[in-house]
Amino acid sequence: MNLSDYNRVLIRSSIYDVLIEAYGSHYMSKINKLMKLQHYDNALESIGDELKALEKKLSKNERLEAVQKQLAEISEEQASHIKKMQAVEIKTTEMGDRIKKEEAQLYDGTITNAKDLENLQNEIKRHKNLYSSFEDEELELLSVLEELDATILTISTEEEKERSEWERISQELKSTITSLENNSTLIKLAKETDSDTLDNETVKDYEELRARKDGVAVTHIQGNTCVSCYLSIPDALKRRITTAENTNYCPNCKRIIAPQLQCTHKGCTEIGALQINQTTAEFRCTQHAI
Ligand SMILES: [Zn+2]
Ligand SMILES: [Zn+2]
């Protein structure tokens, strides 16, 4: 074989590789395709559940709501104390003015009667007592307001922390949701592509069986046991499953029993599980993760 022959062989074999890569799925047996559909549906279901859980998480932050409620309540309390304070301040000012007037009256000579003067003096004394009790009330309210201010500051700080933490968490949740949605789209597309290589009747049968069997139409065996119903299957059936191209059913749960899918990495014979990255959904073993 001369060099150009050798090159031709190389080229031909690499074309063959490309063809296998591109049309490999068409050569795959029907049973393997059905198994793939099942894997896609399992993944779609678990992504659906995960999405529901994440949306629920995103819709409500109980801790933040609790802190905000606490803050609203204490702000209301503060507002009512400020009102009380303003009322007391008005009372104090009015009483102060009144005392000033009465004291002026005491010395301006308008009252000459000794009894009246004594009465006025008693009145002034009484008003001064009231005035000082108003002042005490003001001081008391002031100290309550100071306490409320301090509490509000603490809760506001907590609320702010909680809010920015939630901002971060919800961003994370949203980006997880987006990537799960992307995965879901990718899997749906892969499912469509593989479904298109099967005849409509087969796909319809698969969907109907899946609907009847709690979402699992295609299952596999572990040793001699069906992994869906946990009952053992006859040896003869087991031999048929590992070699057969045609459809075999579990005698107990009536699901299709298929051989497990192989890793799609070239030459690998390990069992492959569905793996997704941003652009592809493939069946790979743990060693050949994408
Ligand atoms: Zn079974
Ligand atoms: Zn592999």
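On a predicted model such as this, the values are computed, not experimentally measured, just so you know.

Caption draft 1: Molecular detail of unusual backbone geometry. Positive phi is not limited to glycine here, since aspartate 214 has a value of about 55 degrees. Turning to its location among the elements, aspartate 214 is positioned in the loop between α5 (200-212) and β1 (218-219). Residue classification places aspartate 214 among the exposed residues on the basis of 10 C-beta atoms within 10 Å. For lysine 254, which is not a glycine, the phi torsion comes out positive at approximately 65 degrees. One can find lysine 254 in the loop between β4 (248-249) and β5 (256-257).

Caption draft 2: Spatial organisation of the packing of helix α2 (residues 30-59) against helix α4 (residues 114-196). Running from amino to carboxyl end, α2 crosses α4 at an angle of 160 degrees, the nearest separation of the two axes being 9 Å. On the basis of their axis angle, the class for α2 and α4 is roughly antiparallel. Crossing of α2 against α4: the hand is left-handed. Taken together, the residues of the contact of α2 with α4 sort by class into 13 nonpolar, 5 polar and 7 charged.

Caption draft 3: Structural context of the packing of helix α3 (residues 62-107) against α4. Their axes nearest at 7 Å, the elements α3 and α4 cross at an angle of 160 degrees. On the basis of the axis angle, α3 is roughly antiparallel to α4. Crossing handedness for the pair α3 and α4: left-handed. For the contact of α3 with α4, the residue count by class is 22 nonpolar, 12 polar and 17 charged.

Caption draft 4: Spotlight on the sheet that holds β1. Read from one edge of the open sheet, 3 strands run β1-β5-β4, paired in mixed fashion. Lying at the two open borders of the sheet, with one neighbouring strand each, are β1 and β4. In this structure, β4 lies alongside β5, joined through 2 bridges in antiparallel fashion. Bridged to asparagine 248 within β5 is isoleucine 257.

Caption draft 5: Just the nonpolar core, in detail. Judged by nonpolar contacts, the single largest core of 21 residues is most densely connected at Leu34, Val218, Ile256, Ile257 and Ala258. Elements with a contribution of two residues or more to this core: α2, α4, β5 and β7 (281-284). In contact with alanine 258, other than residues within four places in its own chain, are Ile31, Asn32, Leu34, Met35, Val218 and His220.

Caption draft 6: Here's a closer look at the environment of glutamate 158. Structurally, the position occupied by glutamate 158 is in helix α4. For the pair glutamate 158 and leucine 71, spaced 87 residues apart in sequence, the C-alpha separation works out to 9.7 Å.

Caption draft 7: Local environment of the pairing of strand β6 (residues 273-276). As judged from the 4 bridges shared by β6 and β7, these two strands associate in the antiparallel manner. Each bridged residue has a counterpart across the sheet, and for glutamine 275 the counterpart in β7 is glutamate 282. Between the antiparallel neighbours β6 and β7 lie 4 residues.

Cut-offs applied
Residues numbered from 1 in each chain as written. Chains lettered and ligands numbered in written order. Predicted model: local features only at pLDDT ≥ 70, side-chain atom pairs only at ≥ 80, totals over all residues. Helix = DSSP H or I, 4+ residues; strand = E, 2+ residues; numbered from the N terminus. Buried ≥ 20, exposed ≤ 12 C-beta atoms within 10 Å, placed from the backbone. Axes fitted to C-alpha atoms, helices over the stretch in contact; angles between N-to-C directions. Parallel < 35°, antiparallel > 145°, perpendicular 65-115°, else oblique. Left-handed = near helix turned anticlockwise from the far one by under 90°. Nonpolar A, V, L, I, M, F, W, Y, C, P; charged D, E, K, R; others polar. Pairing = 2+ DSSP bridges. Core = buried A, V, L, I, M, F, W, Y, C linked by C-beta atoms within 7 Å. Contact = placed C-beta atoms within 7 Å.

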